[in-house]
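Here is how the chains run, residue by residue.
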Amino acid sequence: MSQVRVRFAPSPTGPLHIGGVRTALYNYLFAKKHGGTFILRIEDTDQTRYVPGSEDYIMQSLEWFGLVPEEGPGYGGDFGPYRQSERKDIYGKYATELVEKGHAYYCFDTSEDLAKMRADMADKGVHSAKYNYLTRGQMKNSLSLSKSETESLLDKGENITIRLKIPQDRTILIQDEVRGEVAFESNELDDKIILKGDGMPTYHMANIIDDHLMEITHVIRGEEWLPSTAHHVLMYEMFGWTPPSFSHLPLILKPTGKGKLSKRDGAKFGFPVFPLEWLDKDENVTYQGFKEDGYLPEAVVNFISLLGWNPGNDKERFSMEELIQAFDLSRIVKSGARFDVDKVRWFNQQYIISTPNSVLADMIAMTVREHGYDVSEDFLIKFVELMKERVEVLPEFFSAGGFFFKMPEEIEEKMARKKYKIENRPHFDALNSSMEDMQQFTSSALESTIKGYIADHELSFGAIMPILRLGVCGTMKGPDLFETMELIGQDEVIRRMKSSLDKFTAIKNAQNA
Ligand code: GLU
């Protein structure tokens, strides 16, 4: 294989969707696997769809996932500029070349002319008529007009576009690495505009010229571009260039498996579809990203890698290095890949569990401070160690483990009503005194003191332990109680127990009243 060069070519029309991240990831993995180059090209020729901020967003997202381009705007490279708006001067001559070779032609139609053509065709029973071999003869273009008429319209300089002249009666075969041979009939294709009135190329034109000039060897992109590939392949032929190899990735489907995943599905099903937070100014809505929702980039990469690619065995956990080794275009699946919310959370949990405690502590330290808690690094390290198996996303350290920092205001009263017996109050008071007397407030000392007391007084665990947990944590859910008590600390545990016991007694009295 010649030196592999692949590109991720997003249009800066909004935030990068998770489907775009997957395209970038597969390009990256393929490049790395073959010692090739991963290029970022910004396809911003459609100025009407340009959304400020999206280009930066795309780059920040790629970097968050570790998918750093070797060439691209701001990344250097010998094939720049990598922003198509900065390459405007390059495209014109190629469009003219196609006109000169008879593969493209000038058009002077107004939008009214186009509407009239469609209406006329509809009258003849042809609905959604195209600008093509059937209609081009009746339109205002350099094929239908005389040379002198054409020249005078070109001099006038209004409404000039260049369209591809799609050959008639051809079957265009595309060898797709994912789908095998795909055939398109040329009579079904329209004479696409390649150069617009403002001198800007359209996507199709700019895309193939840049792929050629940037020496792209493999085009790996979403399935929605497969129909355009017929036009692209024809253009390569018209220029006499060798096309790159094509791989079209399957759609990412909604969690229900029905239909393409959309940005609104995130809110609907409770997961992010964007890597980072994005403020949609038109809708005045902020979409949370995977980052803000507490996902680790490695976990998301691992999850996304399997959305449309199958390693050929049962292995699920892959580091980036392992993905690079294992990735193979021939294992990309043809059918749509369902976005499974539980699966992405599961991956994240696995990655949280295997992240060193000190690293996790660093990750949440800022949020701890923002909550107004002042705890030591050692405390945080122990805290994440106790909680990490119980959380799937980082914010759950606080929603599920907030009691380590502060006694919750709401306690699980139902549990108190069920488990607390007023006649046991003297035992709890005695346990409190024993805890007050402890020299070393460690989990093992707590265990022997509390279990010893239960045994000495022939009590049941069920009468004592739940109330201790509820009294100290406010909830029945949490890690090992003795370890929890040790971390919360002697004074705080005793203070909490005293105040909880008063609350439990009041609850019971109210119940009995
Ligand atoms: N600019 C296109 C997009 O936004 C790129 C398609 C391609 O990779 O050719 O997805």
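Okay, so let's go over this structure.

## Comments concerning helix 16 (residues 425-437)
The periodicity of an α-helix, 3.6 residues per turn, causes residues three or four places apart in sequence to face the same way. Between its first and last C-alpha, helix 16 extends 19 Å over 13 residues, near the 18 Å set by a 1.5 Å rise per residue. Listed as buried for helix 16 are His427, Phe428, Leu431, Asn432 and Met435. Buried residues of helix 16, viewed axially, fall in a sector of 140°; they line one side. For helix 16, the exposed residues set more than 90 degrees away from the buried face come down to Pro426 and Asp437. In this structure, the buried residues of helix 16 make contact with helix 17 (443-456), helix 18 (461-473), helix 19 (481-488) and helix 20 (490-512).

## Regarding the pattern of salt bridges
Side-chain pairing between opposite charges can occur once the charged atoms of the two side chains come close. Evaluation of the coordinates by the stated rule reveals 36 salt bridges. Linking Arg417 and Glu413 is a salt bridge whose minimum nitrogen-to-oxygen distance equals 3.7 Å. Taken as a pair, Arg417 and Glu413 lie in helix 15 (residues 413-419) at a separation of four residues, close to a single helical turn. The exposure class of Glu413 is partly exposed, given its relative accessible area of 39%.

## Concerning the packing of aromatic side chains
As enumerated under the stated definition, the model contains 28 aromatic pairs in all. Where Tyr236 meets Trp241, the ring centres are 6.5 Å apart and the plane angle is 65°; that geometry is what we call edge-to-face. By relative accessible area, Tyr236 is classed as buried at 2%. By relative accessible area, which is 14% here, Trp241 ends up buried. The rings of Tyr373, Phe379, Phe383, Phe397, Phe398, Phe403, Phe404 and Phe405 are connected pair by pair, giving a single aromatic cluster.

## Overview of the pairing of strand 5 (residues 171-176)
Burial along strand 5 is one-sided: Ile172, Ile174 and Asp176 are buried, and none of Thr171, Leu173 and Gln175, which face the opposite way, are. Relative to strand 6 (residues 180-185), strand 5 runs antiparallel, the two being bridged by six bridges. Residue Ile172 lies in a different strand from strand 6, and its bridge partner there is Phe184. Linking two consecutive strands that pair antiparallel, namely strand 5 and strand 6, is a turn of three residues.

Reading the values: the criteria
- Residues numbered from 1 in each chain as written.
- Predicted model: local features only at pLDDT ≥ 70, side-chain atom pairs only at ≥ 80, totals over all residues.
- Heavy atoms only, no water.
- Helix = DSSP H or I, 4+ residues; strand = E, 2+ residues; numbered from the N terminus.
- Expected span 1.5 Å × (residues − 1).
- Buried < 20%, exposed > 50% of the residue type's maximum accessible area, 1.4 Å probe, protein only.
- Arc of directions from axis to C-beta.
- Contact = heavy atoms within 4.5 Å.
- Salt bridge = Lys/Arg side-chain N within 4 Å of Asp/Glu carboxyl O.
- Phe/Tyr/Trp six-rings, centres within 6.5 Å; stacked < 30°, edge-to-face > 60°.
- Pairing = 2+ DSSP bridges.

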